[in-house]
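Take a look at the letters that make up each chain.
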Amino acid sequence: GENVEQHPSTLSVQEGDSAVIKCTYSDSASNYFPWYKQELGKRPQLIIDIRSNVGEKKDQRIAVTLNKTAKHFSLHITETQPEDSAVYFCAASLTPTGTASKLTFGTGTRLQVTL
Amino acid sequence: EAGVTQSPTHLIKTRGQQATLRCSPISGHTSVYWYQQALGLGLQFLLWYDEGEERNRGNFPPRFSGRQFPNYSSELNVNALELEDSALYLCASSWPGAGTEAFFGQGTRLTVV
């Protein structure tokens with residue numbers, strides 16, 4: 001089955017700096033890659049996703065890049081703010097047309113934005 | 001529109017007992033996923049139900065089981081509870097179809113003493 005590795009496990013950046021979280025996946029057929037943010041005591045929520053027919057996607061201060069050849073994808077957060085502090089999970093899934101699929105999550109990255 | 005709801009919010013059980021956790025998906029969602037999140041660890045996949053059938057299960061012992069009802073709600077049962085089963089159990093649901101977002105419930109915090 002799919003295996004997703006995520007690095008680093010913890011990341012501390014100063015407010016205003018950029019943060020990058022990297023994930024690799026094992027199943028070359030995977031074609032959907034969402035990122036979830038989980039604030040302390042709250043449920044994980046989708047912040048951005050990318051599909052395998054796209055190499056990069058941006059949403060304000062957040063961007064995700066995908067390298068299908070190398071089987072890795074990354075989350076980039078620019079101009080970090082204290083409210084970006086949370087645990088971030090990457091995930092991968094294989095989604096045959098017309099059916100749902102199982103998300104395999106990475107182990108998570110605890111991002112701490114310091115003042 | 002109501003989100004994914006889970007009950008109970010907290011559950012305390014004694015080692016060896018059974019626990020039943022419940023999940024109601026968002027209306028229209030047919031897929032329900034269960035994940036275990038132990039303290040300080042990531043999201044470990046437990047079970048996936050779609051259209052009433054178990055589609056996949058993670059690397060957990062058979063004492064973790066569940067089912068999905070005709071209204072797409074789901075139950076997770078954990079038999080012969082062990083101390084290491086203490087964790088946050090998250091349910092997520094999604095629309096049928098390729099590459100759709102999974103929405104999470106708030107979780108059930110299971111404590112085994």
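Attention in this report is confined to the structure presented alongside it. Treat the numbers as computed from the prediction; the structure is a model and nothing was measured.

Here the focus is the overall build of chain A. If you tally the helices and strands in chain A, you get zero helices and eleven strands. Reading chain A from its N terminus to its C terminus gives the helix and strand order β-β-β-β-β-β-β-β-β-β-β. For chain A, whose C-alpha radius of gyration is 14 Å, the value lies close to the compact-globule estimate of 13 Å for 115 residues. Viewed in the frame of its principal axes, chain A has a C-alpha envelope of about 45 × 30 × 20 Å. Counting contacts in chain A only where the partners sit at least 6 residues apart, residues at least 24 apart contribute 54% of the total.

Next up on the list: the side chain of Glu 2 of chain A. All names here are of chain A. Residue position: Glu 2 is located in the segment before strand 1 (4–7). The buried charged residue Glu 2 lacks any salt bridge, with Lys 71 as its nearest oppositely charged partner at 7.5 Å. Polar side-chain contacts of Glu 2 include one of 2.7 Å to the backbone nitrogen of Ser 26. Ignoring sequence-local partners within four residues, the contact set of Glu 2 consists of Tyr 25, Ser 26, Asp 27, Ser 30, Ala 92 and Thr 104.

Another aspect to go through is unusual backbone geometry. Between His 7 of chain A and the following residue, Pro 8 of chain A, the backbone shows a cis peptide bond with an omega angle of -5°. Following the sequence through the fold, Pro 8 of chain A ends up in the loop between strand 1 and strand 2 (10–14). The linkage connecting Ser 7 of chain B with the following residue, Pro 8 of chain B, adopts the cis geometry, with an omega of -10°. Structurally, Pro 8 of chain B is set in the loop between strand 1 (5–7) and strand 2 (10–13). For Gln 60 of chain A, which is not glycine, the phi torsion reads 60° and is therefore positive. With respect to the helices, strands and loops of the structure, Gln 60 of chain A is situated in the loop between strand 6 (56–59) and strand 7 (62–67). We classify Gln 60 of chain A as exposed; its relative accessible area is 79%.

Attention now moves to the environment of Gly 66 of chain B. All names here are of chain B. Mapped onto the elements of the fold, Gly 66 is located in strand 7 (residues 64–68). On the basis of relative accessible area, Gly 66 is assigned to the partly exposed category, the value being 23%. Beyond its immediate chain neighbours, meaning those up to four positions away, Gly 66 contacts Leu 47, Tyr 49, Glu 75, Leu 76 and Asn 77.

Basis of the calculations
Per chain, residue numbering runs from 1 following the sequence as it is written. Chains and ligands are labelled by the order in which they are written, letters from A for the one and numbers from 1 for the other. Where local features are concerned, this predicted model is filtered to residues with pLDDT of at least 70; where side-chain atom pairs are given and counted, the filter is 80 or more; whole-chain, interface and lining totals use all residues. To obtain the side-chain values, all non-hydrogen atoms of the structure were used and water was disregarded. A run of DSSP states H or I qualifies as a helix once it reaches four residues; a run of E qualifies as a strand once it reaches two. Both are numbered from the N-terminal end. We take the radius of gyration over the C-alpha atoms and set the globule estimate at 2.2 Å times the residue count to the 0.38 power. Contact between two residues is taken to exist if any of their heavy atoms lie within 4.5 Å; hydrogens are not considered. When accessible area is computed with a 1.4 Å probe and restricted to protein chains, residues below 20% of their type maximum are described as buried, those above 50% as exposed, and intermediate ones as partly exposed. We count Lys and Arg on the positive side and Asp and Glu on the negative side, and we leave His and both chain ends out. By salt bridge we mean one thing: a side-chain nitrogen of Lys or Arg within 4 Å of a carboxyl oxygen of Asp or Glu. Think of a polar contact as two N or O atoms within 3.5 Å of one another; within protein, one of them needs to be a possible hydrogen donor and the other a possible acceptor, and neighboring residues in sequence only count if both atoms come from side chains.

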